[in-house]
2 protein chains.
Amino acid sequence: MDSYNDLELQVAVAKVSKYAVSESGDTVETIERPHGGLSLVLVDGQRSGKSAKAISNIVARKAVSLLADGVRDGAAARAAHDYLRTLRSGQVSATLNIVSVDLATRTIVVSRNSHCPVIVVTGPNDSLSLLDEPSEAIGIHARTRPVIAELPITLDTHVIVFTDGLMTAGERHGQPLDLTAFVRDHLQAHEPATSAQTLPIFQAGTLADALLARAVELDQGRPGDDVSVVVLSVVTRPAPGFGDRDLAVRRLTVRFPIPAGVAGAFPAS
Amino acid sequence: MDSYNDLELQVAVAKVSKYAVSESGDTVETIERPHGGLSLVLVDGQRSGKSAKAISNIVARKAVSLLADGVRDGAAARAAHDYLRTLRSGQVSATLNIVSVDLATRTIVVSRNSHCPVIVVTGPNDSLSLLDEPSEAIGIHARTRPVIAELPITLDTHVIVFTDGLMTAGERHGQPLDLTAFVRDHLQAHEPATSAQTLPIFQAGTLADALLARAVELDQGRPGDDVSVVVLSVVTRPAPGFGDRDLAVRRLTVRFPIPAGVAGAFPAS
């Protein structure tokens, strides 16, 4: 089997809510970009539980619906800010990250309205850098705008985006999580073999799960905050299983536990 | 380890485009429901390629944005129809399926505007039934409305939704795909063991991939139409890996090949 240079985009999201709080205040949504590619929106609403969820939900919805209409990422982030600030009179904040794989420009666009950095790993030697320019949450101050970075879509790129629950994991117990060291160690330990015989590895999923598991472990099984991790990886496309390399299968999956509970009052039809 | 009755929702989407056509005319989007749960929208635009994609995109976007606002599924389907019919003067059709896991009513709501049936499998003996009441595509006739079925969220439920590329796979070669037989055989062959030691199986993903692979195989590696398969499964929740059964991890993944190509004219920032 030839080795060839086709790329695969992998996106993995893993999230848990704060311990003993049924609803995460973080919201993640994905949407197709009308000119090709996909955008992912990650919002962390102020505080936790139901009120935070309501905030992160409306912010994510606003951003996603603008992105679906073809609005550019920077404008969508500004609009989401203006919308939240108007709706809640500048009293409620949220962090907002938009990560887009833009097939029209062949770039990954990372928009930050969050104090959390974004980790970027590139190249075969896993060079690691941080997108950590000062950036403010949306909803409070006038004319808030995102800090935007644009990266080329190239092999062996990993972009790791998260809410502050990941950054502060373990701090209560004097065991802070060294995120950059963890990411570097993980990627080096899980280097895919170069042989084409290797089973396709879902690198983004493995890394997202490992980060979340480590955060929960450092919080001794009881996360002190909502934790959401997003990993976006550009990797070698595994050899297609259908005997024809031009057959491009697209896959999307969602898994979540269904809480025990009673029926509510919102009929669906 | 105790066995317990917590449930997991699994959603898997797998799609390929018609052979030698770069863009699938089918669009799939998911969105959180504001009162809890998730909705999935599957649209097949008339014909294939770029024009079909443009149609399925705007229909999916309209439906998703209404569902995100809390609009009930039946009203969202009617609105998507009215919107497409107005926009394209009743000249262009699309099939539309909405599948919602509504945690407020604890039901799975299946809305069909498609001639394709939906396969429903329930219970430990894999009882199989079809949702196949006559139903018409959106966009053409006045006052089109969806055919809606509501199923309880119960263990061992599988809902299989697809576009007509799956139904007609292999017909050109005199080898039609017997979908119900295939689904039944697959589920019986992949019954999860009852032991709690078993690794968690991603049943929805396995079934969606198997259906797509079989369709492509019957089309001799060259799908005669866009093929999209959605499987939604309610299964036993695997034992959590973090030593605490109350930690409810939610996961979302996307994987797709990045086509080689040139940069376009739509800057993202």
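The numbering scheme is per chain: residues are counted from 1 as the chain's sequence reads. Chain labels run from A onward and ligand labels from 1 onward, assigned in the order the entries are written. Given that the model is predicted, a residue must reach a pLDDT of at least 70 before its local features are reported, and side-chain atom pairs must reach 80 or more before they are shown or counted; all residues, however, enter totals for whole chains, interfaces and linings. Hydrogens are left out, water is left out, and the side-chain values use all remaining heavy atoms of the structure.

Mapping between the two chain copies consists of a rotation about an axis together with a translation along that axis. Mapping chain A onto chain B calls for a rotation angle of 180° and an axial translation of 0.0 Å; the resulting RMSD is 0.0 Å. These values place the two chain copies in the arrangement generated by a two-fold rotation axis. When C-alpha positions in chain A are compared against the rotation axis, the closest is assigned to A:Thr253, at 2.6 Å. A share of 100% of interface residues in chain A that are also interface residues in chain B marks the association as one of identical surfaces. Here the copies are matched by least squares. The fit uses the C-alpha atoms of residues with pLDDT of at least 70 in both. Every residue pair with non-hydrogen atoms within 4.5 Å of one another is taken to be in contact.

The next point concerns helix H2 (residues 73-87) of chain A. Two residues of an α-helix separated by three or four positions point the same way, owing to the 3.6 residues in each turn. Residue and element names in this part refer to chain A. Each helix corresponds to a stretch of at least 4 residues labelled H or I by DSSP, and each strand to a stretch of at least 2 residues labelled E; elements are numbered beginning at the N terminus. The span you would expect from a helix comes to 1.5 Å times its residue count less one. Helix length check: H2, at 15 residues, gives a terminal C-alpha distance of 21 Å against a target of 21 Å (1.5 Å per residue), a fit within 8%. Working definition: with a 1.4 Å probe on protein chains only, accessible area under 20% of the residue-type maximum means buried, over 50% means exposed, and in between means partly exposed. Asp73, Gly74, Ala76, Ala77, Ala80, His81 and Leu84 are the residues of H2 that are buried. Angularly, the buried residues of H2 cover 165° about the axis, an arc narrow enough to put them on a single face. Of the surrounding elements, those touching the buried residues of H2 are helix H1 (50-68), strand S4 (94-102), strand S5 (107-113) and strand S8 (147-152). Directions from the helix axis toward the C-beta atoms define the arc.

This part covers the packing of aromatic side chains. Two rings from Phe, Tyr or Trp (for Trp, the six-membered ring) form a pair when their centres are within 6.5 Å of each other. A pair whose planes differ by under 30 degrees is stacked, one over 60 is edge-to-face, and the rest are tilted. Considering all chains together, one arrives at 0 aromatic pairs over all chains under this definition. Of note, A:Arg250 hangs over the ring of B:Phe256, and the distance from its end group to the ring centre comes to 4.3 Å. The ring of B:Tyr83 has B:Lys62 lying over it, and the distance from NZ or CZ to the ring centre is 4.3 Å. Charges are assigned to positions over rings by a cutoff of 6 Å between ring centre and Lys NZ or Arg CZ, combined with an angular limit of 35 degrees from the ring normal.

On to the sheet that holds strand S7 (residues 127-131) of chain A. Whether two strands pair depends on DSSP finding at least two bridges between them. Spatially, 12 strands are ordered S7(A)-S6(A)-S9(A)-S10(A)-S1(A)-S11(B)-S11(A)-S1(B)-S10(B)-S9(B)-S6(B)-S7(B) in an open sheet, and the strand pairing comes out antiparallel. Both outer strands of the open sheet, S7 of chain A together with strand S7 (127-131) of chain B, are each paired with one neighbouring strand and no more. The mean angle between the axes of side-by-side strands here comes to 10°, regardless of whether they run parallel or antiparallel. Direction of pairing for strand S11 (residues 250-258) of chain A relative to strand S11 (residues 250-258) of chain B: antiparallel, over a ladder of 5 bridges. Axes here refer to lines fitted to C-alpha atoms; in helices the fit is confined to the stretch in contact. Angles between the N-to-C directions go from 0 to 180 degrees.

This part is about the pattern of salt bridges. Residues and elements named next belong to chain B. Salt bridge, as used here, is a side-chain nitrogen of Lys or Arg placed within 4 Å of a carboxyl oxygen of Asp or Glu. In total, this model carries 20 salt bridges over all chains according to the counting rule given. Between glutamate 23 and lysine 50 there is a salt bridge; the shortest N-O distance is 3.6 Å. Linking glutamate 23 in the loop between strand S1 (7-16) and strand S2 (26-32) with lysine 50 in helix H1 (residues 50-68), this pair joins segments that are 27 residues apart in sequence. For lysine 50, a relative accessible area of 68% corresponds to the exposed category.

All names here are of chain B. On the basis of which strands lie adjacent, the open sheet formed by 5 strands has the order S2-S3-S4-S5-S8 and antiparallel pairing. With one partner strand each, in any of the chains shown, S2 and strand S8 (147-152) form the two edges of the open sheet. Between one strand and the next, the sheet's axes are offset by a mean angle of 10°, whatever the strand orientation. Direction of pairing for strand S3 (residues 37-45) relative to strand S4 (residues 94-102): antiparallel, over a ladder of 9 bridges. Looking at the pairing, leucine 42 lines up with asparagine 97 of S4.

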